Amino acid sequence: RFSDPKACYDYLFKQKWPTGFICKKCGHSKCWVSARNLYICTQCEHHHSLIAGTIMDSSKKPITYWFKAMWWFTTRKSGVNAVNLKELLGFGSYDTAWYWLQKLRRCTIRKDREKLSGRVEVDEFVIGGQRSGKRGRGAEAKTIVAAAVERCDQKKQIGRIRLQVILDYSAYSLETFINENIQSGSNIATDSWSSYSSILKEQYHHVPTNQSKDGKDHDSLYGAHLVVTLIKRLVRGTFQGRFEPKYLQNYLDEYVFRFNRRKSKYIGKKFMRIVQQVVKSSKI
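Please read all numbers here as calculations on a predicted model, not as lab measurements.

*Asks:* Can you help me understand the overall build of the chain in this one?
*Replies:* Scanning the chain for helices and strands turns up ten helices and eight strands. Looking at the chain residue by residue over its 284 residues, the buried ones come to 42%. The contacts of the chain with a sequence gap of at least 6 include a subset with a gap of at least 24, amounting to 59%. For the chain, the exposed area adds up to about 16,200 Å²; of that, 49% sits on carbon and sulfur atoms.

Right under this line is the structure:
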């Protein structure tokens with residue numbers, strides 16, 4: 001379907017103007033297309049580019065390469081790393097493939113996405129190399145990640161998730177994460193960490209659990225613990241445990257994008273979503 005540049009630009013056109021071309025300068029609805037794939041308004045002659053200002057801007061590679069990259073990025077169950085993408089696209093440089101993937105990962109999160117609601121499990125965990133010393137909240141030189149997982153009380157199924165790198169385990173960091181990602185009035189299940197009790201009194205219904213006393217047979221944070229296990233498995237498998245902490249949020253955003261669409265019946269819909277986000281993206 002996207003074997004030539006025209007097919008790619010036609011698809012981008014439909015994502016940018018679903019109801020037809022509209023000049024952003026004068027509001028006119030007719031245009032003509034130049035040899036450089038610029039859409040020029042027939043009334044004011046204002047030039048519109050489908051890739052200007054986006055992550056594809058100034059790229060020397062054909063746009064068909066970008067569409068192939070977006071397809072493999074969204075349709076592979078475990079994602080794709082830079083080595084795989086380099087081989088699939090025939091790049092001569094690993095750095096180019098790596099840079100493209102970082103750009104695509106930054107396009108996976110919608111700014112206006114709906115917050116989690118209902119019963120939500122919240123927990124934190126650390127990701128980092130194998131180091132000796134204390135584990136858990138006392139671990140040093142590792143990156144802290146907060147996780148929020150929707151649960152369906154009746155069927156005990158996992159819904160949507162949110163993942164975010166946080167600076168520390170303080171009440172401020174946890175409150176910021178919760179307020180940005182969870183709808184007010186939701187039932188929030190956490191462990192007995194003291195920081196949660198001080199921030200979940202007014203806007204949420206807090207259900208703390210002492211994991212050490214209840215034991216594994218009564219794991220009220222089963223959904224959060226399962227997601228944490230899957231993420232760590234991904235880091236060890238797809239990325240062989242190697243990543244720079246400053247890019248970890250990009251990997252987490254990609255995982256959230258894919259996980260929250262795991263039940264989608266149509267692969268093409270996931271592809272469409274990433275294309276829409278790329279069209280709305282800012283040049284990175």
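*Asks:* Help me out: how do you make sense of the pattern of salt bridges in this one?
*Replies:* As a working rule, side chains carrying opposite charge can pair if their charged atoms are close by. Taken as a whole and judged by the stated rule, the model has eight salt bridges. With its nearest N and O atoms 3.1 Å apart, the salt bridge here joins Asp112 to Arg110. Judged by relative accessible area, Arg110 falls into the partly exposed class, the value being 28%. Here Arg160 makes a salt bridge to Glu150, at a shortest N to O gap of 2.7 Å. Taken together, the residues Arg160 in strand β6 (residues 157-166) and Glu150 in strand β5 (residues 143-152) connect sequence positions ten residues apart. On the accessibility criterion, Arg160 (24% relative accessible area) is partly exposed. Residue classification places Glu150 among the buried residues on the basis of a relative accessible area of 12%.

*Asks:* Explain the side chain of Glu254 to me, please; I cannot follow it from the model alone.
*Replies:* By the element assignment, Glu254 lies in helix α9 (residues 248-259). If near-sequence neighbours (up to four positions away) are discounted, Glu254 is found in contact with Phe73, Gly79, Val80, Arg105 and Thr108.

*Asks:* Would you take a moment to explain the packing of aromatic side chains for this structure?
*Replies:* Each aromatic ring pair is specified by the distance between its two centres and by the angle formed by the two planes. The tally for this structure, following the rule as stated, stands at 17 aromatic pairs. Each ring, one from Tyr255 and one from Phe259, has its centre 5.9 Å from the other, and the planes form 25°; the classification is stacked. Here Phe259 and Tyr255 lie together in helix α9, a separation of four residues that amounts to about one turn. For Tyr255, a relative accessible area of 13% translates into the label buried. Since its relative accessible area comes to 11%, Phe259 is described here as buried. The aromatic ring of Trp17 is capped on one face by Lys16, whose charged end is 5.6 Å from the ring centroid. Its end group placed over the ring of Phe73, Arg258 keeps NZ or CZ at 5.9 Å from the ring centre.

*Asks:* How should the nonpolar core be read in this particular structure?
*Replies:* Leu12, Met56, Ile63, Phe67, Met70, Leu85 and Val275 are the most contacted members of the largest nonpolar core, which totals 36 residues. Of all the secondary-structure elements, those providing two or more residues to this core are α1 (5-16), β2 (38-41), α2 (63-75), α3 (82-89), α4 (94-105) and α10 (267-280). Sort the elements by how many residues they give to this core and α2 lands first, with six residues. In this structure Met56 touches Leu12, Ile51, Ile63, Trp66 and Val278, once residues within four positions along its chain are discounted. Counting 19 residues, the second largest nonpolar core, distinct from the first, contains Ile161, Leu234, Leu248 and Phe259.

*Asks:* For this particular structure, what's the right way to read the environment of Ile166?
*Replies:* For Ile166, the location among the structural elements is in strand β6. The sequence separation of Ile166 and Glu124 amounts to 42 residues, and the corresponding C-alpha distance is 9.1 Å. When sequence neighbours within four positions are dropped, the list of residues in contact with Ile166 reads Ile144, Ala146, Ser173 and Leu174.

Rules of the game
- Residues numbered from 1 in each chain as written.
- Predicted model: local features only at pLDDT ≥ 70, side-chain atom pairs only at ≥ 80, totals over all residues.
- Heavy atoms only, no water.
- Helix = DSSP H or I, 4+ residues; strand = E, 2+ residues; numbered from the N terminus.
- Buried < 20%, exposed > 50% of the residue type's maximum accessible area, 1.4 Å probe, protein only.
- Contact = heavy atoms within 4.5 Å.
- Areas by Shrake-Rupley, 256 points an atom, 1.4 Å probe, with all protein chains shown as cover.
- Salt bridge = Lys/Arg side-chain N within 4 Å of Asp/Glu carboxyl O.
- Phe/Tyr/Trp six-rings, centres within 6.5 Å; stacked < 30°, edge-to-face > 60°.
- Lys NZ or Arg CZ within 6 Å of the ring centre and 35° of its normal.
- Core = buried A, V, L, I, M, F, W, Y, C linked by side-chain atoms within 4.5 Å.

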